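# Tertiary structure, described
Residues per chain, in single letters:
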Amino acid sequence: MMHILTQPAAKLACSVGPLLYTPANHKGIASSICTERFGTSFSLALCLEDTINERYLAEAEQQACQTLQALEKAQRQSDFFLPKLFIRLREPAQLERFLQKLGSAAQLLTGFIFPKFSLENGEAYLHALERVNQNRPQPFYMMPVLEDPSLLALSQRQRQLEQLKAMLDDISPQVLNIRVGCSDLCHLFATRRRVEQTIYEILPIANILSDILTVFQADYVVSAPVWEYYQDSHDLWKQGLERELALDQLNGFIGKTVIHPRQIAVVNNSLRVFQRDYEDALQILHWNQENTSYVSGSVQAQRMNEYKTHSNWAQRTLLLAELYGIRPDA
């Protein structure tokens, strides 16, 4: 079976990196992007879902349009880093309505985020995407968020995840990332991690994450859930985020949802590859096929490298090194 990270689309899927969520009614986003206030290595989601009071949805849609139209105008006047831009929708019917309002600035969008993606609403989201992508030379991508309450039922979870995957496999070239919404899931269990804890210590959530990775990871890039903390007097938020990022990557997540610009650099640094991993990945993927053995000591003589069992890891490592760089060994 070919792993997603060996396929041509993997580079784009892995490049989403830290995805900064902001309410779509935020009026200063265009200015912040034009002045590169958030740096030059992140993606951005304008949220029209849970961050917006439903009574003010129309105003939020209008502000999102104004933000994107301002960026379109600014692009004609100056050079600046334009991140991958996504709209997090509230419901399938909103997609076409929003694009009609947006007009030509739609060309700036990379795609749409479909929240609480489930067997009940999945087909409606996919049909809406199919309609807007007709006759487009560059289609909009989608990123479904797995966070629906239907995932809680243990007796049904595997079947639901497999059915969701089968649904997405039909349009897999347009699925950029699979995302997980642990805030919604924690809400259902009435749990919340403290700054010194990671999401993996909430066992019901960790089990759901494990099941999602088991079903999706071989064929899709799966992005890690949000870290809620971003400021305190002793940088405990940063230490906690770094701990969780290490576990994210150990388990196979690539990228992470963030909710404050301060978190972006921490996520990007975690995506940089350790020097020893980079060296070993090169050794594995440049194995001498005439060699009688497919196993050897690592470059720094610290561990075993085996061509047949470490090649997917090596592919992932070199891809992340290309996108995010290399860091000194810890």
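Structure: see above.
Residues numbered from 1 in each chain as written. Predicted model: local features only at pLDDT ≥ 70, side-chain atom pairs only at ≥ 80, totals over all residues. Heavy atoms only, no water.

The subject of this paragraph is the packing of helix H6 (residues 154–169) against helix H8 (residues 203–216). Between H6 and H8, the least distance of the axes is 10 Å, while the angle of their chain directions is 40°. By the angle between their directions, the pair H6 and H8 is classed as oblique. Considering the relative orientation of H6 and H8, their crossing is right-handed. From H6, Arg 157, Leu 161, Glu 162, Leu 164, Lys 165 and Leu 168 reach across to H8, where they touch Asn 207, Ile 208, Asp 211, Ile 212, Val 215 and Phe 216. Its residues assigned to classes, the contact of H6 with H8 comprises seven nonpolar, one polar and four charged. (Axes fitted to C-alpha atoms, helices over the stretch in contact; angles between N-to-C directions. Helix = DSSP H or I, 4+ residues; strand = E, 2+ residues; numbered from the N terminus. Parallel < 35°, antiparallel > 145°, perpendicular 65-115°, else oblique. Left-handed = near helix turned anticlockwise from the far one by under 90°. Contact = heavy atoms within 4.5 Å. Nonpolar A, V, L, I, M, F, W, Y, C, P; charged D, E, K, R; others polar.)

Here we take up the packing of helix H3 (residues 57–75) against helix H4 (residues 94–102). For the pair H3 and H4, interaxial distance at closest approach is 10 Å and the crossing angle is 50°. As the angle between them shows, H3 and H4 are arranged oblique. Handedness of the H3/H4 crossing: right-handed. Facing H3, whose interface residues are Leu 57, Glu 61, Ala 64, Cys 65, Leu 68 and Gln 69, H4 presents Gln 94, Arg 97, Phe 98, Lys 101 and Leu 102. A per-class count over the contact of H3 with H4 returns six nonpolar, two polar and three charged.

To continue, consider the pattern of salt bridges. All told, the structure shown has 20 salt bridges when counted by the stated rule. In this structure, Arg 88 engages Glu 49 in a salt bridge whose closest nitrogen and oxygen atoms are separated by 2.5 Å. Separated by 39 residues along the polypeptide, Arg 88 in strand E3 (residues 84–88) and Glu 49 in the loop between strand E2 (43–47) and H3 bring together distant segments of the chain. What makes Arg 88 buried here is its relative accessible area of 6%. Among the salt bridges present, the one from Glu 49 reaches Lys 116, with a minimum N-O distance of 2.6 Å. With Glu 49 in the loop between E2 and H3 and Lys 116 in the loop between strand E4 (109–114) and helix H5 (122–133), this residue pair connects regions lying 67 residues apart in the sequence. Look at Lys 116 and you get partly exposed, because its relative accessible area is 22%. Salt bridges sharing partners connect three or more residues here, namely Glu 49, Asp 50, Arg 88, Lys 116, Glu 147 and Asp 184. (Salt bridge = Lys/Arg side-chain N within 4 Å of Asp/Glu carboxyl O. Buried < 20%, exposed > 50% of the residue type's maximum accessible area, 1.4 Å probe, protein only.)

The next subject is the pairing of strand E1 (residues 18–23). Burial analysis of E1 places five of its six residues in the buried class, the great majority of the element. The sheet contact formed by E1 and E2 spans five bridges and is parallel. Opposite Pro 23, over in E2, you have Cys 47 as the bridge partner. The β-α-β motif built from E1, the intervening helix H2 (residues 29–34) and the parallel element E2 has right-handed crossover chirality. (Pairing = 2+ DSSP bridges. Right-handed = clockwise from strand over helix to strand, strands pointing away.)

Taken as a whole and judged by the stated rule, the model has eight aromatic pairs. Where Trp 227 meets Tyr 229, the ring centres are 5.5 Å apart and the plane angle is 55°; that geometry is what we call tilted. Look at Tyr 229 and you get partly exposed, because its relative accessible area is 25%. Each residue in the set Phe 38, Phe 42 and Phe 81 is aromatic and connected to the rest through ring pairs, giving one cluster. Its end group placed over the ring of Phe 140, Arg 136 keeps NZ or CZ at 3.8 Å from the ring centre. (Phe/Tyr/Trp six-rings, centres within 6.5 Å; stacked < 30°, edge-to-face > 60°. Lys NZ or Arg CZ within 6 Å of the ring centre and 35° of its normal.)

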